[in-house]
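Here is what each chain is made of, one letter per residue.
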Amino acid sequence: MCATCGCSGVTVELEQRVLAHNDDLAHRNREWFAEREVLAVNLMSSPGAGKTTLLERTIRDLDGGVTVSVVEGDQETAFDAERIRATGCRAVQINTGAGCHLDAAMLARAVHELDPPTRSVVFVENVGNLVCPALFDLGESYRVVIMSATEGEDKPLKYPHMFGTADVVVLNKVDLLPHLDFAVDTFVRSLRQVNQRAEILPLSATTGAGIDAWCGQLRDWM
Amino acid sequence: MHELAVTQAIIDAITEKTGEARICSVRLEIGVLSGVLVDAVRFCFDLVAEGTPVEGAVLVVDEPPGRVRCRDCDEVFGADHLILLCPACGSAHAEVLSGRELLIKSVEVSPACAPPAGAPG
Ligand SMILES: Nc1nc2c(ncn2[C@@H]2O[C@H](COP(=O)(O)OP(=O)(O)OP(=O)(O)O)[C@@H](O)[C@H]2O)c(=O)[nH]1
Ligand SMILES: [Mg+2]
Ligand SMILES: [Zn+2]
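Residues numbered from 1 in each chain as written. Chains lettered and ligands numbered in written order. Predicted model: local features only at pLDDT ≥ 70, side-chain atom pairs only at ≥ 80, totals over all residues. Heavy atoms only, no water.

- Naming follows an unreviewed UniProt entry, where chain B appears as Hydrogenase maturation factor HypA of Lentzea waywayandensis.
- The record in UniProt for chain B states the following under Function (unreviewed entry): "Involved in the maturation of [NiFe] hydrogenases. Required for nickel insertion into the metal center of the hydrogenase."
- Its UniProt record gives chain B the following Sequence similarities (unreviewed entry) comment, quoted word for word: "Belongs to the HypA/HybF family." (UniProt positions renumbered as here; feature names shortened; annotations may be inferred.)

- If you check an unreviewed UniProt entry, chain A appears there as Hydrogenase nickel incorporation protein HypB from Lentzea waywayandensis.

Structure below.
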């Protein structure tokens, strides 16, 4: 019976996944990337962990004639896309406004505009947020979570959804370790409680320490 | 807050299936390990439903508990968050059996039911 007015309602069984629509679009993105042999990497982190800095560095250091293009997600401004374009690389900015994550429909529009060449790499810089992007499949090939050494070793335990889905976890800003009380082994232990398989790559996007291993990982994925 | 987007996806998925038909109740399943806060969905629901055939519908949410199996010793245990440590052997190699559900189970449709006061149509 209907609780609003007491009329006899008819129950319609739906048994539908809430995010089915996003997952369908993500599946289409994944096929689109596969057809073009494009490696799509979704970068996620809290605000300021160093996503854009790592991208700037990667574009410079990932040699071997690989074309890189970037989809930038931010609530507002085109600052990050401009930083990427300054390196000579193509970038499309998505502004999500009130939205706190990218979804598969937004990425589909952006990559059609970006039109990446065959056998290239597309990086997606997600909105700086460790909660919301975890839930939305974009159709990416791999998920990378970046955490900076200034954030505290227990971050993976506080955001298990995000860290649990990562294929690679980058520990950025390791140049600051001598000035911090950050115990790398405690961080690794926290991460292993929520994710046993992710590769851990400590690096500094500003000094370039550890960048070789990161570029090696990207080449393995290509 | 991704619950706003999640709630929007719920309303869109329902109206796509049932069109203009008046919905008087919605039954969801949101597992405790799904990463979606039930209270936040409740908060967003009336807001997002406003002006749609779902406006005024009663929201019923089932919350399946987390059940996890240890891959090392086969122990099955309950969990209310995603930090899955086996109470028997301490291993973190665990497989979630249930609790990640994020489903629209069913809706109650009533063509005869009057829309709530103030709703368009
Ligand atoms: N010391 C140090 N600083 C870094 C490193 N990487 C990034 N930073 C600094 O951290 C700040 C934020 O870096 P961004 O690259 O803009 O971070 P982001 O994750 O793109 O930030 P949002 O897009 O706003 O979420 C800047 O001041 C960077 O210079 C690093 O490896 N070491
Ligand atoms: Mg940035
Ligand atoms: Zn065990």
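1. Examining the UniProt feature "domain: CobW/HypB/UreG nucleotide-binding" (unreviewed entry) in chain A
- UniProt annotation of "domain: CobW/HypB/UreG nucleotide-binding" (unreviewed entry) refers to residues 41-201 of chain A when read in the numbering used here.
- Note that residues 41-201 of chain A is 30% helix and 24% strand, and that its end C-alpha atoms are spaced 15 Å apart. (Helix = DSSP H or I, 4+ residues; strand = E, 2+ residues; numbered from the N terminus.)

2. Some thoughts on the coordination of the zinc ion (ligand 3)
Residues and elements named next belong to chain B.
- Looking at the zinc ion (ligand 3), the protein donor atoms are C70 (SG), C73 (SG), C86 (SG) and C89 (SG), and they sit 2.3 to 2.4 Å from it.
- Considering all 4 donor atoms around the zinc ion (ligand 3), the spread of angles at the metal, 104 to 115 degrees, places the coordination shape in the tetrahedral class.
- Here the donor residues of the zinc ion (ligand 3) share one chain and are spaced in sequence as C-x2-C-x12-C-x2-C. One end of the pair, C73, is in the loop between β3 (66-70) and β4 (76-79); the other, C86, is in the loop between β4 and β5 (94-98), with 13 residues separating them in the sequence.
- C73 gets classed as partly exposed once you look at its relative accessible area, which sits at 35%.
- C86 sits in the buried class, given a relative accessible area of 4%. (Donors = N, O, S within 2.8 Å, 3.2 Å for Na, K, Ca; no water. Tetrahedral: all angles 85-135°; square planar, octahedral: opposite > 155°, others 65-115°. Buried < 20%, exposed > 50% of the residue type's maximum accessible area, 1.4 Å probe, protein only.)

3. Quick word on the side chain of N126 of chain A
Residues and elements named next belong to chain A.
- For N126, the location among the structural elements is in the loop between β5 (121-125) and β6 (142-148).
- For N126, a relative accessible area of 1% gives the class buried.
- For N126, the side chain forms a polar contact with the main-chain nitrogen of L102, separated by 3.2 Å.
- Setting aside its immediate chain neighbours within four residues, N126 contacts N42, L43, M44, K51, G73, H101, L102, P133 and L138. (Polar contact = N/O pair within 3.5 Å; in protein donor to acceptor, adjacent residues only side chain to side chain. Contact = heavy atoms within 4.5 Å.)

4. Observations concerning the packing of helix α1 (residues 20-36) of chain A against helix α4 (residues 104-114) of chain A
Residues and elements named next belong to chain A.
- At a closest axis distance of 8 Å, the pairing of α1 and α4 adopts a crossing angle of 30 degrees. With respect to α4, the element α1 is oriented roughly parallel. For the pair α1 and α4, the sense of crossing is left-handed. Contacts from N22, L25, A26, N29, W32 and F33 in α1 reach A104, A105, L107, A108, V111 and H112 in α4.
- Of the residues assigned to the contact of α1 with α4, the class counts are 9 nonpolar, 3 polar and no charged. (Axes fitted to C-alpha atoms, helices over the stretch in contact; angles between N-to-C directions. Parallel < 35°, antiparallel > 145°, perpendicular 65-115°, else oblique. Left-handed = near helix turned anticlockwise from the far one by under 90°. Nonpolar A, V, L, I, M, F, W, Y, C, P; charged D, E, K, R; others polar.)

5. Considering the sheet that holds β5 of chain B
All names here are of chain B.
- A sheet is described by the order of its strands in space; here 3 strands give the open sequence β4-β3-β5, paired in antiparallel fashion. The strands lining the two open edges of the sheet, one partner per strand, are β4 and β5. In this sheet, neighbouring strand axes are inclined to one another by 35 degrees on average, regardless of whether the strands run parallel or antiparallel.
- Sheet topology note: the β3/β5 ladder contains 4 bridges and is antiparallel. Looking across to β5, one finds that R69 is bridged to E95. (Pairing = 2+ DSSP bridges.)

6. As for the environment of G152 of chain A
- Within the secondary structure, G152 of chain A sits in the loop between β6 and α5 (155-158).
- Put simply, G152 of chain A and F187 of chain A are 35 residues apart on the chain and 7.9 Å apart in space, counted from C-alpha to C-alpha.

7. Describing the interface of chain B and chain A
- Taken together, the contact between chain B and chain A spans 33 residues of the former and 30 residues of the latter.
- Note on chain B versus chain A: buried area summed over both sides is about 2700 Å², and carbon and sulfur give 65% of it.
- Its largest share of buried area at the contact with chain A, chain B owes to H2, I83 and E108 of chain B, together 19% of the area lost on that side.
- At the boundary of chain B and chain A, one finds 1 salt bridge. (Buried area = accessible area lost by both parts, 1.4 Å probe. Salt bridge = Lys/Arg side-chain N within 4 Å of Asp/Glu carboxyl O.)

8. Comments concerning the nonpolar core
- Ranked by size, the top nonpolar core spans 29 residues in total, and within it I14, V26, L28 and V54 of chain B carry the most contacts.
- Of the residues forming this core, the biggest block, 6 residues, is contributed by helix α2 (residues 38-49) of chain B.
- If near-sequence neighbours (up to four positions away) are discounted, V54 of chain B is found in contact with I11, I14, T15, R22, I23, V26, F45 and A49 of chain B.
- Counting residues in hydrophobic clusters, the runner-up holds 28 residues, among them V68, V121, L201 and L203 of chain A. (Core = buried A, V, L, I, M, F, W, Y, C linked by side-chain atoms within 4.5 Å.)

9. Structural notes on the state of the cysteines
All names here are of chain A.
- In this structure the tally under the stated criterion is 0 disulfides over all chains.
- No disulfide involves C132; its nearest neighbouring cysteine sulfur is the one of C100, lying 3.1 Å away.
- Residue C132 is classed as buried on the basis of its relative accessible area of 2%. (Disulfide = S-S within 2.5 Å.)

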